[in-house]
Amino acid sequence: VFKRSDVDYITVEGLASQLNETKVSLYDILGKNIFNETLNNNINTQTISTAGLQPGIYIIQLHSGKNILKKKLIIH
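We now turn to the structure provided with this report. (Residues numbered from 1 in each chain as written. Predicted model: local features only at pLDDT ≥ 70, side-chain atom pairs only at ≥ 80, totals over all residues. Heavy atoms only, no water.)

The subject of this paragraph is the environment of Leu26. Tracing the sequence through the fold places Leu26 in strand E2 (residues 22–28). With relative accessibility at 0%, the residue Leu26 sits in the buried group. In sequence terms Leu26 and Asp8 are 18 residues apart; their C-alpha atoms lie 15 Å from each other. For Leu26, the residues in contact, after removing those within four places along its chain, are Ile10, Lys32, Asn33, Ile34, Phe35, Leu53, Tyr58, Ile59 and Ile60. (Helix = DSSP H or I, 4+ residues; strand = E, 2+ residues; numbered from the N terminus. Buried < 20%, exposed > 50% of the residue type's maximum accessible area, 1.4 Å probe, protein only. Contact = heavy atoms within 4.5 Å.)

This is the structure:
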């Protein structure tokens, strides 16, 4: 999971290695849920739009089966 500063989306890679569907949640730095989405694991690399989000620090969480990944993202 990463966000390049020159694009308006978050890139999620490696989904094809997961057997279960992947649920994505994005939170602001205060813990408020910004959005939830379920990604299709048939496509290895997917993007999530950040258009309309205020610049700041966000936490993204990916949950697939027993696997959970949390990562801090900075959106400019």
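We now examine the sheet that holds strand E6 (residues 67–75). With respect to topology, four strands assemble into an open sheet ordered E3-E2-E5-E6, the strand pairing being antiparallel. Lying at the two open borders of the sheet, with one neighbouring strand each, are strand E3 (33–39) and E6. Averaged over all pairs of adjacent strands, the angle between strand axes in this sheet comes to 20 degrees, irrespective of strand direction. Summarising the sheet, E2 and strand E5 (residues 56–64) pair through six bridges and their orientation is antiparallel. Looking at E5, one finds that Asp28 is bridged to Tyr58. (Pairing = 2+ DSSP bridges. Axes fitted to C-alpha atoms, helices over the stretch in contact; angles between N-to-C directions.)

A few words now on the side chain of Gln46. By secondary structure assignment, the location of Gln46 is in strand E4 (residues 46–49). Judged by relative accessible area, Gln46 falls into the buried class, the value being 14%. In terms of polar contacts, Gln46 uses its side chain to reach the backbone carbonyl oxygen of Asn40, at 2.3 Å. Sequence-distant contacts of Gln46, defined by excluding residues within four places in its chain, comprise Ile10, Thr11, Val12, Leu15, Leu39, Asn40 and Asn41. (Polar contact = N/O pair within 3.5 Å; in protein donor to acceptor, adjacent residues only side chain to side chain.)

Grouped together as the largest cluster of nonpolar side chains are 14 residues, with contacts concentrated most on Val1, Ile10, Val12, Ile48 and Ile60. Only strand E1 (9–12), E2, E3, E5 and E6 provide two or more residues apiece to this core. The element contributing the most residues to this core is E5, with three residues. The contacts of Ile48, once residues within four sequence positions are left out, are Asp8, Tyr9, Ile10, Val12, Val24, Phe35, Glu37 and Ile60. (Core = buried A, V, L, I, M, F, W, Y, C linked by side-chain atoms within 4.5 Å.)

This part is about the pattern of salt bridges. Counted under the stated rule, the structure contains one salt bridge. Arg4 is the salt-bridge partner of Asp6, the closest N and O atoms lying 3.0 Å from each other. For Asp6, a relative accessible area of 56% gives the class exposed. (Salt bridge = Lys/Arg side-chain N within 4 Å of Asp/Glu carboxyl O.)

Honestly, that's just the spatial picture; any functional story needs more than this.
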